[in-house]
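# Structural overview
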Amino acid sequence: MLLSEMGAEIIKIDSPEILDVCRRLPPFADGKEGPNRCGKFALYNRGKKECQLDLKQPEALEIAKTLIKKSDIVISNFSPRAMIRLGLDYPTLKEINPTLIMVCASGYGATGPDRDALAYGTVLESYSGLSLLIGYKGGSPMGCDIPISDHLSACLSALAVIGALHHRDITGEGQYIDISEIETLIACIPEAIMEFTMNGKLYLPQGNRDDFKAPHGCYPCRGEDQWVAIAVNNDSEWKGLCLVMNKPELIENVRFRDGFLRLKNQDELDAIIASWTTGQSAMDVMIQLQKADIASGPVYNAENLYKDPQLRERGFFIAFDHPEVGKRELPGVVAKFSKTPGVIKGREPLVGEHTKLVLDELHH
Amino acid sequence: MKSPLEDVKVIEYGNLIVAPFCSKLLADLGAEVIKIEEPIRGDIARRRGPFLNDIPGNNRSGLFLYLNTNKLGITLNLDKATGTEIFKKLIKSADILIEDTEPGKMAELGLDYSRLESLNPSLVMTSITPFGQTGPYKDYKSCDLTGWHMSGAGYVTPRNAGTVEQEPLKVVHMSDYITGILAAVAALGAFQLQRHTGLGQAVDISGFEAMTQFAGWANVYWPYAHENATRASRSWLAPQHYLKCKDGWIYVLCAEEHHWRAFVDMMGNPEWANEELFKDMISRGEYWESLQPLIEEWTSKYTRGEIFELSKTRKLPLTPVQSVKELLESRQLKERAFFAEIEHPEVGKLIYPGAPFKFSETPCSIRRPAPLLGQHNIDIYCGKLGYTKQELIKMYEVGII
């Protein structure tokens, strides 16, 4: 998807027997199931062409190889053994297309004793140490509903591919890139890793709290499941917070007047702030605190985001028209490029939508 | 060429995690990255823990040391006229600039894109801010906590909490890393275009947008189903849970019926598995409170490692819940040589996470430790820009470097 937004033509090869898992997961448009009605599939596959090939059939495999011969890049997240079994491993493909760049992202990586363990996105957060870093104080392991390692390895795969393209521009050389999802996750938790490698200590979860900033957390607001996140960085922001809360007497209070004291007395501090936020909307709290230059923001849900004035002003959401589910709005290109804005070529493909087109093009 | 970006020149002007991680990735890919730090104080991350042996110091922050490997370090004060002049000289020979100043700050300094473009038309100027260069929130403050929670990601964390009584959670400092990675992708994409067309440009990255896209997995519930994904749901399919075993927990995700069959087989086909109550994923989810103790009676007899090995041959999506300690002991990561031992002039040999990609022809590696403050001032200012050591001393004394 990321490469497509920057102009690449992407042909997605999918099996006619087992559809991409995102075509089988909710949310389905208006609650009705169907392989062309999936929000997650729409998000990750807009702008791509889809060609159905049953790669276990020799003819289909030949077609795939012909496609690969004409392509610059192959991206896969099948396990390494699956690619070998299909006859689409790098040594084989390199014979067909010597300058090919191939990136394979798998759960544990292409090598190592765990390489064949079955890996689904959220499972990997447990292996990588993340489940023991998320949680309320003193709690059991927890996870995030969003498959973080899938996302990280996707972005790092895109980065690695562009790097390889640059190398190929200069040397003519293609190559194979092996991305391990657990490694991409570990690369993003150095605080916990270094605490152990330097000091032999395990970093324990502490809810939304920070190592040295206080107050720092989520506070309840008016309405069902409404919260605002607030982080105070220094004494000057502390003063600002007290004034906004209309509690100037707290500024020099002996329990809160500097960062060290605020950290020590965080429980009491959080209770005071919660009693202030509780009657207000999260949006109002943010507006008041941002006027005082304090980092704060509502804990947004999806509906809030689609109505957020900043995202709307930036034109962040794009409407896609779809023959079966009608108009749906999705996030646009993340980066704003001043001269070459990036393009989303269109909605996601219907099942096998471009099979005929791709095959016809091959014959010319 | 030994690494993919060996001939690429990057200037970094940033603090903490977002911009430094963005340029660290480019440095890991082989680019020459010159990191500009404020004189005397340096990058704010130098004063963030964890610290080696719990003793703070400018070169003892594990976070700073990790985020700034492979970079050259110089000090420069852009609030001084000579500082901005030096910056312009550096920009003349740079391919990519990564910076995280507040919107308008670079213009104030006379270093906005149109000015830099006239000095170097092929420059890719990547500006990373919490909300972007434009819009009603452009001057708003943010950090990893607010970045995470404003994106929709907080609302669904922790997964399957079952209730909304407790507040939603952050995930370490993940939003900063996610923003940094996306900024690197955009910067490199624009650079690749520049190499083909000579066309440089300005790239505007908003952390809010980067994170909102990341949380798209949850956020698409609104346009598609007119509802919000929430952490309030309990796992309605089972087992997709943490399970206690002899030495901790495992996590299993039975996404399909055959996974459950494999699990039952792994447990030696106990009688209770045939009960009507547990016949499919939905009823197992409904009766999880009855099912969990039965499963845990088996799992608590075995270690995580034993169960993980048993699960592999059965193609069961299962994994041990590991702590950081176990990551360092992991045979998988050892065999892949993922962790790297790097020697630093002040703090000596330490172990770091390595580069998260393995290239077959141009292996990436950590070539040098994070710089000392101003470590490469002489190399860059004298060696590259032609200043004399005497001039450097004068600049130091008046606070320019």
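Everything here concerns the structure above.
Being a predicted model, the structure only gives us computed values, none of them experimental.

### Focus: the interface of chain B and chain A
- Across the contact, 145 residues belong to chain B and 157 residues belong to chain A.
- Summing both partners gives a buried area of about 13,100 Å² for chain B against chain A, and 66% of it is carried by carbon and sulfur.
- Contact with chain A buries area across many residues of chain B, yet Gln213, Trp217 and Tyr224 of chain B alone supply 8% of it, more than any other trio.
- At the surface where chain B touches chain A, the tally comes to 11 salt bridges.
- If you tally residues by element for the side of chain B that touches chain A, the top one is helix 7 (residues 174–197) of chain B, at 16 residues.
- Of the pairings in the sheet, the one linking strand 5 (residues 175–180) of chain A to strand 12 (residues 358–359) of chain B comprises 2 bridges and is antiparallel in character. Each residue of the ladder has a partner; that of Asp178 of chain A, found in strand 12 of chain B, is Lys358 of chain B.

### A look at the packing of aromatic side chains
- Applying the stated criterion to the full structure yields 23 aromatic pairs over all chains.
- On the basis of an interplanar angle of 20 degrees and a centroid distance of 4.1 Å, the ring pair of Tyr306 of chain A and Phe317 of chain A is categorised as stacked. Remark: Phe317 of chain A occurs in strand 9 (residues 317–322) and Tyr306 of chain A occurs in helix 14 (residues 302–307); sequence separation between them is 11 residues. Comparing Tyr306 of chain A with Phe317 of chain A shows no difference in burial state: the two are buried.
- Seen in terms of ring centroids, Phe131 of chain B and Tyr140 of chain B are 6.1 Å apart; in terms of plane orientation they differ by 90 degrees. Their pairing is edge-to-face. Neither residue differs from the other here; Phe131 of chain B and Tyr140 of chain B are each classed as buried.
- Here the aromatic residues Tyr300 of chain A together with Phe131, Tyr137, Tyr140 and Phe208 of chain B are joined through ring pairs into a cluster of three or more.

### A closer look at empty space enclosed by the protein
- Applying the stated criterion to the full structure yields 3 cavities of 30 Å³ or more.
- By volume, the largest cavity amounts to about 90 Å³.
- Leu2, Glu5, Met6, Val333, Val334, Ala335 and Phe337 of chain A together with Leu182, Val185 and Ala186 of chain B together form the lining of the largest cavity.
- The set of elements that each furnish at least two residues to the lining of the largest cavity consists of helix 1 (2–5) of chain A together with helix 7 of chain B.
- For the lining of the largest cavity, the element with the highest residue contribution is helix 7 of chain B, accounting for 3 residues.
- Split by residue class, the lining of the largest cavity holds 9 nonpolar, no polar and 1 charged.

### Considerations on the state of the cysteines
- Going through the model one piece at a time under the given rule, you end up with 0 disulfides over all chains.
- Free cysteine: Cys242 of chain A, not disulfide-bonded; nearest cysteine sulfur from Cys221 of chain A at 18 Å.
- Summary of cysteine pairing: Cys254 of chain B is not part of a disulfide, and the nearest cysteine sulfur, belonging to Cys245 of chain B, is at 15 Å.
- Of the residues examined, Cys254 of chain B reaches a relative accessible area of 0% and is grouped as buried.

### Comments concerning the pattern of salt bridges
Residue and element names in this part refer to chain A.
- Counting across every chain of the model gives 52 salt bridges over all chains.
- Here Lys356 makes a salt bridge to Asp360, at a shortest N to O gap of 2.8 Å. Taken together, the residues span about one helical turn, with Lys356 and Asp360 both in helix 16 (residues 355–362) at a distance of 4 residues.
- What makes Lys356 exposed here is its relative accessible area of 60%.

### Description of unusual backbone geometry
All names here are of chain B.
- Cis geometry marks the peptide bond from Thr157 to Pro158, where omega comes out at 5 degrees.
- Position of Pro158 relative to the elements: it lies in the loop between helix 6 (144–149) and helix 7.
- For the peptide bond that leads from Ala238 to Pro239, omega is -10 degrees, which places it in the cis range.
- Among the structural elements, Pro239 can be located in the loop between helix 10 (221–225) and strand 7 (240–245).
- The phi dihedral of Asn53 is positive, around 55 degrees, even though this residue is not glycine.

### Quick look at the pairing of strand 3 (residues 71–75) of chain B
Residue and element names in this part refer to chain B.
- Among the 5 residues in strand 3, 5 count as buried, and that is most of the element.
- Taking every second residue as pointing to the same face, both faces of strand 3 are buried, with Lys71, Gly73 and Thr75 on one and Leu72 and Ile74 on the other.
- Looking at chain direction, strand 2 (residues 32–37) and strand 3 are connected through 5 bridges and run parallel. Bridging from a neighbouring strand, Glu37 pairs with Thr75 of strand 3.
- Considered for its hand, the β-α-β crossover made up of strand 2, helix 2 (residues 62–67) and strand 3 is right-handed.

### Focus on the sheet that holds strand 4 (residues 101–106) of chain A
- The mixed open sheet is built from 4 strands, whose spatial order is 3(A)-4(A)-5(A)-12(B). The outermost strands of the open sheet, each flanked by one partner alone, are strand 3 (73–76) of chain A together with strand 12 of chain B.
- Sheet contacts for helix 7 (residues 148–171) of chain A: strand 3, strand 4 and strand 5 of chain A together with strand 12 of chain B; angle to strand 5 of chain A, the most-contacted strand, approximately 160 degrees.

### What to know about the pairing of strand 4 of chain A
Residue and element names in this part refer to chain A.
- By the criterion of burial, strand 4 is predominantly enclosed, with 6 of the 6 residues buried.
- Alternating residues of strand 4 divide into Ile101, Val103 and Ala105 and Met102, Cys104 and Ser106, and every residue in both groups is buried.
- Sheet topology note: the strand 3/strand 4 ladder contains 4 bridges and is parallel. Residue Ile73 lies in a different strand from strand 4, and its bridge partner there is Ile101.
- Pairing between strand 4 and strand 5: 6 bridges, direction parallel. For Ile101, the partnering residue across the bridge sits in strand 5 and is Gln175.

### As for the packing of helix 1 (residues 18–28) of chain B against helix 7 of chain B
Residue and element names in this part refer to chain B.
- For the pair helix 1 and helix 7, interaxial distance at closest approach is 8 Å and the crossing angle is 50 degrees. Taken together, the axis directions place helix 1 and helix 7 in an arrangement best described as oblique. Of the two possible hands of crossing, helix 1 and helix 7 adopt the one that is right-handed. Where helix 1 approaches helix 7, its residues Val18, Phe21, Cys22, Leu25 and Leu26 are matched on the opposing element by Asp176, Tyr177, Thr179, Gly180, Ile181, Ala183, Ala184 and Leu188.
- Grouping the amino acids of the contact of helix 1 with helix 7 by side-chain chemistry returns 10 nonpolar, 2 polar and 1 charged.

Parameters at a glance
Residues numbered from 1 in each chain as written. Chains lettered and ligands numbered in written order. Predicted model: local features only at pLDDT ≥ 70, side-chain atom pairs only at ≥ 80, totals over all residues. Heavy atoms only, no water. Contact = heavy atoms within 4.5 Å. Buried area = accessible area lost by both parts, 1.4 Å probe. Salt bridge = Lys/Arg side-chain N within 4 Å of Asp/Glu carboxyl O. Helix = DSSP H or I, 4+ residues; strand = E, 2+ residues; numbered from the N terminus. Pairing = 2+ DSSP bridges. Phe/Tyr/Trp six-rings, centres within 6.5 Å; stacked < 30°, edge-to-face > 60°. Buried < 20%, exposed > 50% of the residue type's maximum accessible area, 1.4 Å probe, protein only. 1 Å grid on protein atoms, 1.4 Å probe; cavity = no way out; pocket = protein on both sides within 12 Å on 5 of 7 lines; lining within 4 Å. Points joined across faces, edges and corners; volume = space filled by probe spheres on them. Nonpolar A, V, L, I, M, F, W, Y, C, P; charged D, E, K, R; others polar. Disulfide = S-S within 2.5 Å. Right-handed = clockwise from strand over helix to strand, strands pointing away. Axes fitted to C-alpha atoms, helices over the stretch in contact; angles between N-to-C directions. Parallel < 35°, antiparallel > 145°, perpendicular 65-115°, else oblique. Left-handed = near helix turned anticlockwise from the far one by under 90°.

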